[in-house]
Amino acid sequence: ETGVTQTPRHLVMGMTNKKSLKCEQHLGHNAMYWYKQSAKKPLELMFVYSLEERVENNSVPSRFSPECPNSSHLFLHLHTLQPEDSALYLCASSQDHGNPYEQYFGPGTRLTVT
Amino acid sequence: AQKVTQAQTEISVVEKEDVTLDCVYETRDTTYYLFWYKQPPSGELVFLIRRNSFDEQNEISGRYSWNFQKSTSSFNFTITASQVVDSAVYFCALSEAENNDMRFGAGTRLTVKP
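Residues numbered from 1 in each chain as written. Chains lettered and ligands numbered in written order. Predicted model: local features only at pLDDT ≥ 70, side-chain atom pairs only at ≥ 80, totals over all residues. Heavy atoms only, no water.

1. A short note on the state of the cysteines
One pass over the structure, following the stated rule, counts 2 disulfides over all chains. The side chain of Cys23(A) participates in a disulfide bridge whose partner is Cys91(A); the two sulfur atoms lie 1.9 Å from each other. Here Cys23(A) and Cys91(A) share a disulfide; its torsion about the S-S bond, -75 degrees, makes the bridge left-handed. Of this pair, Cys23(A) sits in strand S3 (residues 18-25) while Cys91(A) sits in strand S9 (residues 87-94), and the two are 68 residues apart along the sequence. Cys91(A) gets classed as buried once you look at its relative accessible area, which sits at 0%. Between the sulfur atoms of Cys23(B) and its disulfide partner Cys92(B) the distance amounts to 1.9 Å. One quick way to see it: the torsion about the S-S bond of Cys23(B) and Cys92(B) is about -65 degrees, and its sign makes the bridge left-handed. With Cys23(B) in the loop between strand S3 (19-21) and strand S4 (24-26) and Cys92(B) in strand S10 (residues 88-96), this pair connects stretches of sequence that are 69 residues apart. A residue is classified by how much of its surface remains accessible, and Cys92(B), at 0% relative accessible area, is buried. Cys68(A) takes part in no disulfide bond, and the closest cysteine sulfur to it belongs to Cys91(A), at a distance of 9.0 Å. (Disulfide = S-S within 2.5 Å. Helix = DSSP H or I, 4+ residues; strand = E, 2+ residues; numbered from the N terminus. Buried < 20%, exposed > 50% of the residue type's maximum accessible area, 1.4 Å probe, protein only.)

Given below as structure tokens:
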């Protein structure tokens, strides 16, 4: 089993749809992250969870709603998205948050909003 | 505030050439960590190296080497005898000691032609 998995790998949704992205880590890590990667922009940190508690929300619009039911799973619930939300959404995990351990990334979900 | 600059947007080389990817950072912290990641076309960011601010020793791993120079706030990455499989986007990142929020550079797209 690879370290960090993400499903689906590709998603096309209309602006009125509701969908969820799933991330699972098999590394026994305590911290998980959502990043957004748009064309020609640096990676943007969206949310940070440490021991299932959200510790950071970097001014992300409320149409993105994260959920961390346990330390191995992280979801990103999407609703009423805009075309500019089309991007690659990357999940990552690290041993802890608060110490700069390296982060391990999943393959991402390529999201297209039509 | 922390900042990472990768001035080279795209680099193209021919196989077996050596190539250096530049990374310049800004931070007010005296304790910080620098990272390099590789993002192949599959999308997943692959961790390559972490270096802390107190360790200026250069590192070599196979064809990869890293040159950390605090005096110029640079952490450059050299690939020796490049191969087609090295084609990817390479990201430099910085995090400060107090948290694990990595600030990524914009990335350098490396194309190695046969």
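2. Comments concerning the layout of surface pockets
A volume near 680 Å³ is recorded for the largest pocket. Around the largest pocket, the lining comprises 29 residues; the ones closest to its centre are Gln37(A), Lys40(A), Gln39(B), Val89(B) and Arg109(B). Among the elements of the structure, strand S11 (109-113) of chain A together with S10 and strand S12 (108-113) of chain B are those that each provide at least two residues to the lining of the largest pocket. Size it by volume and the second largest pocket reaches roughly 310 Å³. (1 Å grid on protein atoms, 1.4 Å probe; cavity = no way out; pocket = protein on both sides within 12 Å on 5 of 7 lines; lining within 4 Å. Points joined across faces, edges and corners; volume = space filled by probe spheres on them.)

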